[in-house]
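Coordinates in review
Residues per chain, in single letters:
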Amino acid sequence: MATKIFKHIQTSAVPLPIENIDTDQIIPARFLKATTRDGFGNNLFRDWRFDDNDHPKQDFVLNNPLFSGKVLVAGKNFGCGSSREHAAWAISDYGFDAVVSSFFADIFKGNALNNGLLPVQVSDDFLQKIFDAIYADHETQIEIDLQDQFIKIVATGEQESFEVNPYKKACMINGYDDIDYILSQKDKVEQFEAVR
Amino acid sequence: MGQTLFDKIWDAHVVSSAEGFPDILYIDTHFIHEVTSPQAFDGLRARGLPVFRPKQTVATADHNVPTWDQHLPIKEELSRYQVDMLTKNCAEFGIELYGLGHPFQGIVHVIGPELGVTRPGCTYVCGDSHTSTHGAFGAIAFGIGTSQVEQVLATQCLLQSRPKRMKIEVNGKLQNGVGAKDIILYIISKISAAGGTGYAVEYAGDTIRSLSMEGRMTICNMSIEMGARCGLIAPDETTINYVKGREFAPKGEEWDKAVAYWQTLYSDEDAEFDSVLRFNAEDIEPMITYGTNPGMGIGVTQHVPETTSFDVKEQGSYKKALDYMGLHDDEQLLGKPIDYVFIGSCTNSRIEDLRQVADFVKGKHKADGVTVWVVPGSKQVQEQAIREGLDKIFDAAGFPLREPGCSACLGMNEDKIPAGKYCVSTSNRNFEGRQGPNSRTFLASPLTAAASAITGKVTDIREFLKEEELV
């Protein structure tokens, strides 16, 4: 089955300069009861985004009309904690195609890659440059190219390359799927079972 | 060059390894539960695939279940629906389910070990980050996302790149009142909530070796709280004695063969690790967390750090955490009034945890104004506790023994800590809202939690133990 394709984007970005954002903040456990993959975007950052009466909190960035775009830029150790893939679904469902941070938790990174949501890990310094650029101009454009593995602040031309597993890169660019790949080697799996 | 324990197990499970691709790793047992599996089963249906090895898949309902009046239908509609979906999916795909009412039901990371499903040298996955628990047996155990749950259901394999290897050694004698939970909270406070990211962590040293299997599970359980891919401890006599005779443990000749293999599972003397850390057991106090990630922990007598002690870039996040917790710079938690005590979760809900708490609270009573929940990790733990009369000790102390489930660890079922309230919790996460919207969590050991329930405030268990020695 084909997965969501990611090749290249140029977009404005939403800044969230908080460190150690855990997946319980991205999508609290009480919203994990759905049995489909749809609709999690409504509850993305639920408790930071809405008050107890479900009214938007004006001081939260997703409720600030000045900021928008397809890229979420966040502080280091993004996505730590629970393995809930619902976190990647929520970010993607809300409309983000990539998350930029100076450090990602492992399980979140894997979940994101499995859902066509690109985690872009940059240096602390470059992350700060992106935050500064966004705060200086809310509409500043960020360019991310997966094929050539770079992220650029368009206005200044400053850019940095980023790492991505070559297999997952091929999957995202071509929409390949892990299960299809393993099933193509099913004879090896059965052979392994037979001889161990 | 010698091999690490991790590499020995990994290599024995590689189905295929190709340049530029992650390894295809064979998974011996796949644990599933109601929250992270429904979309995976839908995926199988969409692909027209069966579960490849249903006999190697074990299911239970734990996250959504109530821990009181469990024989009644689940009140919350969405929770009930999710549990019903698991029942339906297991029936359709031929998977054994230890659902509500089954004598083997319980928290997935408690039942695997107690049933003898978790064994040395094997690979385990589950759509739950605390799957690292099973590594306590000298096994490789990963938490995975739902796409990977689907992958393992479809193929009994996981695509995975080999992580780096870290060894954490703890040596020396623990102070009285200090246990496995304090060790792991101490380690995480030293290396941070991201300090293990990218690593498989092997715990070693004489202090780790002296721990029971329950204690080792507590340590490995929280490996994910430092970001580690998994945690593991080489099997020894303690491991073998624990597994022996359990429901699904090998028997007879199979057992002898298994034990002979398990005895080869250790890191060779000259094995190389990418990182080695050493800690002294004597330095570890009873630990408590003050912030909103498990790395924000201190010895119970210490003070909350000053904001200015952090890098300028980190100060905003630090202040946000203290504001959430209602704490200020340099505050001492010792003596801070608390509202709730939760003893349970996949970190600390095993029979040994309950015995330790019962032994301590016998003849004591909880403070007025504190609500205490003791939630056994499984039906078997609950029944064992009742057989040993622990329930009566708990009742007399005002610590009602509830029914098994994840309970107040994650604010998904009925057991939630109310907004603004402080809970001393034996669980594994103190994230904002983890135990319920705006709840405030102090993570600690079962003994610290029990002592705090008795006094109604954050308490140094060592003071209690000293007094008891004098009596």
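Residues numbered from 1 in each chain as written. Chains lettered and ligands numbered in written order. Predicted model: local features only at pLDDT ≥ 70, side-chain atom pairs only at ≥ 80, totals over all residues. Heavy atoms only, no water.

**Focus: the overall build of chain B**
The number of helices and strands found in chain B is 16 helices and 18 strands. Against the compact-globule benchmark of 23 Å for 471 residues, chain B has a radius of gyration of 22 Å, which places it among compact chains. With the principal axes as the frame, chain B shows a C-alpha extent of 55 × 55 × 50 Å. Once local pairs closer than 6 in sequence are excluded, the contacts in chain B between residues at least 24 apart make up 76%. Of the accessible surface of chain B, which amounts to about 16000 Å², a share of 50% is contributed by carbon and sulfur atoms. Charged side chains of chain B number 45 positive and 62 negative; the gap between the two group centres comes to 2 Å. (Helix = DSSP H or I, 4+ residues; strand = E, 2+ residues; numbered from the N terminus. Rg over C-alpha atoms; globule rule 2.2 N^0.38 Å. Contact = heavy atoms within 4.5 Å. Areas by Shrake-Rupley, 256 points an atom, 1.4 Å probe, with all protein chains shown as cover. Lys, Arg positive; Asp, Glu negative; His and termini not counted. Charge placed at Lys NZ, Arg CZ, Asp CG, Glu CD.)

**Quick notes on the state of the cysteines**
All names here are of chain B. For the structure on display, the rule yields zero disulfides over all chains. Free of any disulfide, Cys90 has its nearest cysteine sulfur in Cys126, 12 Å distant. You can call Cys90 buried: its relative accessible area is 3%. Between Cys122, a free cysteine, and Cys230, which holds the nearest cysteine sulfur, the sulfur-to-sulfur gap is 14 Å. Note on Cys122: relative accessible area 14%, which makes it buried. (Disulfide = S-S within 2.5 Å. Buried < 20%, exposed > 50% of the residue type's maximum accessible area, 1.4 Å probe, protein only.)

**As for the UniProt feature "binding site: [4Fe-4S] cluster" (unreviewed entry) in chain B**
All names here are of chain B. UniProt tags Cys346, Cys406 and Cys409 as "binding site: [4Fe-4S] cluster" (unreviewed entry). Spanning 64 residues, the named residues form one tight spatial group whose C-alpha atoms are at most 8.7 Å apart. Within the annotated group just given, the residues that line the largest cavity are Cys346, Cys406 and Cys409. Within the secondary structure, Cys346 sits in the loop between strand S15 (340–343) and helix H12 (351–361). According to the relative accessible area criterion, Cys346 is buried, its value standing at 7%. Looking at the element boundaries, Cys409 is found in the loop between helix H14 (390–397) and strand S17 (422–425). Classification of Cys409 by relative accessible area gives buried; the value is 6%. (UniProt positions renumbered as here; feature names shortened; annotations may be inferred. 1 Å grid on protein atoms, 1.4 Å probe; cavity = no way out; pocket = protein on both sides within 12 Å on 5 of 7 lines; lining within 4 Å.)

**With respect to the sheet that holds strand S8 (residues 158–161) of chain A**
Across a sheet, strands are paired by hydrogen bonds formed along the backbone, either parallel or antiparallel in direction. Residue and element names in this part refer to chain A. Ordered by their spatial adjacency, four strands build an open sheet running S1-S6-S7-S8, and the pairing between neighbours is antiparallel. Each edge of the sheet is formed by a strand with only one pairing partner; in this case those strands are strand S1 (8–11) and S8. Strand-to-strand twist of the sheet, defined as the mean angle between neighbouring strand axes without regard to direction, takes the value 10°. When strand S7 (residues 150–153) meets S8, the two strands line up antiparallel, connected through four bridges. Of the residues in S8, the one forming a bridge with Ile151 is Glu160. (Pairing = 2+ DSSP bridges. Axes fitted to C-alpha atoms, helices over the stretch in contact; angles between N-to-C directions.)

**Regarding the pattern of salt bridges**
All chains considered together, the criterion is met by 39 salt bridges over all chains. Measuring nitrogen to oxygen at the nearest pair gives 3.4 Å for the salt bridge that ties Glu463(B) to Lys466(B). Of the two residues, Glu463(B) and Lys466(B) are both situated in helix H16 (residues 461–470); the distance of three residues between them amounts to about one turn of the helix. By relative accessible area, which is 41% here, Glu463(B) ends up partly exposed. A relative accessible area of 48% places Lys466(B) in the partly exposed class. Residues joined in a network through salt bridges with shared partners are Arg37(A), Glu85(A), Asp177(A), Asp180(A), Arg47(B) and Glu150(B). (Salt bridge = Lys/Arg side-chain N within 4 Å of Asp/Glu carboxyl O.)

**Considering helix H2 (residues 38–47) of chain B**
All names here are of chain B. For H2, the tally of buried residues reaches seven of 10 residues, placing the bulk of the element in the interior. Turning to H2, its buried residues are Pro38, Gln39, Ala40, Phe41, Gly43, Leu44 and Arg47. Count one or two residues on from H2 and you reach Gly48, which has phi positive near 70°.

**A word on empty space enclosed by the protein**
Per the counting criterion, the structure on display carries four cavities of 30 Å³ or more. Estimates place the volume of the largest cavity at around 230 Å³. If you trace the largest cavity, you find 23 residues lining it, with His63(B), Asp128(B), His130(B), Leu410(B) and Arg434(B) closest to the centre. Here the lining of the largest cavity is built from residues that sort into eight nonpolar, 10 polar and five charged. Here the lining of the largest cavity spans two domains, since at least three of its residues come from each of domain 1 (5–276) and domain 2 (289–466) of chain B. Each pocket or cavity is described by its volume, and for the second largest cavity that value is around 80 Å³. What lines the second largest cavity is a set of 13 residues, and nearest its centre among them are Pro28(A), Ala29(A), Arg30(A), Asp47(A) and Gly433(B). Partitioned by chemical class, the residues of the lining of the second largest cavity number four nonpolar, four polar and five charged. (Points joined across faces, edges and corners; volume = space filled by probe spheres on them. Nonpolar A, V, L, I, M, F, W, Y, C, P; charged D, E, K, R; others polar. Domains from an automatic or database assignment.)

**Some remarks on a negative patch on the surface**
There is a patch of like negative charges on the surface, built from Glu269(B), Asp270(B), Glu272(B) and Asp274(B). The residue Asp270(B) is located in the loop between helix H10 (252–262) and strand S12 (275–280) in this model. (Patch = residues over 30% accessible without salt bridge, like charges linked within 9 Å, V, L, I, M, F, W, Y side chains within 5 Å.)

**Considerations on the layout of surface pockets**
In this structure, the largest pocket encloses a volume near 950 Å³. Along the wall of the largest pocket there are 33 residues; nearest its centre are Asp106(A), Lys109(A), Leu113(A), Asn165(A) and Ser161(B). The set of elements that each furnish at least two residues to the lining of the largest pocket consists of helix H4 (106–113), strand S5 (118–121) and helix H6 (166–174) of chain A together with helix H5 (146–155) and strand S8 (157–160) of chain B. With six residues, the single largest contributor to the lining of the largest pocket is H4(A). Within the lining of the largest pocket, the residues separate by chemical class into 14 nonpolar, 11 polar and eight charged. Considering only enclosed or pocket space, the second largest pocket measures out at about 810 Å³ in volume. The wall of the second largest pocket is formed by 27 residues, among which Arg196(A), Asp28(B), Thr29(B), Arg119(B) and Cys122(B) lie closest to the centre. When residues of the lining of the second largest pocket are traced back to their parent elements, those giving at least two are strand S4 (57–60), strand S5 (96–98) and H10 of chain B. Looking at which element gives the most residues to the lining of the second largest pocket, the answer is H10(B), with five residues. A breakdown of the residues in the lining of the second largest pocket according to their chemical character gives 14 nonpolar, six polar and seven charged.

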